[in-house]
Amino acid sequence: MKRRSLLTLSAAGMLAAACTSIPVSTMWKMARFDRADVLAIDPAQLRAATLVDQRATMKHVTMKVTLAPKDRAPTDFLILLAEPVNRDARLPAAPAGRRWDIFALTPEGQRDFMRMRESALGLPPGSSLTLGLSAREGTVPPDLAQRFPLRLDLLLDAKEGWFTVLKDSELDLTQYARKG
């Protein structure tokens, strides 16, 4: 099954649809995330890892960051990712029938991340940031469309290692296909 919009994850959507799938430690980490943490992120080290069914593919992966200043209209930043070939031994072994896909920022994505970071640093108190990950193309076997297995981990700092953003969950991709 060809999907124009294979999957979309956003903090708001995950909270509404899969609140129990976000680890408490991640909620705590993100709640404590501050200006210094944003400045410390090296875009060359930033990674997103998805644990998916080995039959599924994802192409043209994009990180969408929406900055919503308290007093102005939101601004979207689309940051392109590419799949590195290297496996990261710090991730747990993939269970049978699944695999890890690890994505890094493209050179263009690194520049866009830096632009987003500069804008984020200027946000007034009470503003918000929403992070989403999507694949504009890919394949999903029809039997997985309503129960697509997914886990999402992020690496913001190579020294700190990976942290889970979305525990193993099953997404209904048919709802995203209807929107796209």
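Up top is the structure these notes are about.
Everything numeric in this text was worked out from a predicted model, so none of it was measured.

### Side note on the overall build of the chain
- Within the chain, the secondary structure is distributed over 5 helices and 8 strands.
- Buried positions account for 44% of the 180 residues belonging to the chain.
- Sequence-distant contacts in the chain: of pairs separated by 6 or more residues, those separated by 24 or more amount to 75%.
- Accessible surface computed for the chain: about 9900 Å², of which carbon and sulfur atoms make up 55%.

### Some points on the pairing of strand β4 (residues 75-82)
- Pairing geometry for strand β3 (residues 57-68) and β4, over 6 bridges, is antiparallel. Of the residues in β4, the one forming a bridge with M63 is I79.
- In this antiparallel pair of consecutive strands, β3 and β4, the connection spans 6 residues.

### Focus: the pairing of strand β7 (residues 148-155)
- By the criterion of burial, β7 is predominantly enclosed, with 8 of the 8 residues buried.
- The side-chain alternation of β7 yields two buried faces, one formed by F148, L150, L152 and L154 and the other by P149, R151, D153 and L155.
- Inspection of the sheet shows strand β2 (residues 47-53) paired to β7 by 6 bridges, in the antiparallel sense. Of the residues in β7, the one forming a bridge with T50 is L152.
- Between β7 and strand β8 (residues 162-171), which pair antiparallel and follow one another directly, the connecting turn spans 6 residues, one of which, G161, has a positive phi of 85°.

### Focus on the pattern of salt bridges
- This structure, assessed with the given rule, holds 10 salt bridges.
- Of the charged contacts in the structure, one is a salt bridge between D101 and R99, with a shortest N-O distance of 2.9 Å.
- Owing to a relative accessible area of 4%, D101 belongs among the buried residues under this scheme.
- Between E170 and R147 there is a salt bridge whose closest N-O contact spans 2.7 Å.

How each quantity is defined
- Residues numbered from 1 in each chain as written.
- Predicted model: local features only at pLDDT ≥ 70, side-chain atom pairs only at ≥ 80, totals over all residues.
- Heavy atoms only, no water.
- Helix = DSSP H or I, 4+ residues; strand = E, 2+ residues; numbered from the N terminus.
- Buried < 20%, exposed > 50% of the residue type's maximum accessible area, 1.4 Å probe, protein only.
- Contact = heavy atoms within 4.5 Å.
- Areas by Shrake-Rupley, 256 points an atom, 1.4 Å probe, with all protein chains shown as cover.
- Pairing = 2+ DSSP bridges.
- Salt bridge = Lys/Arg side-chain N within 4 Å of Asp/Glu carboxyl O.

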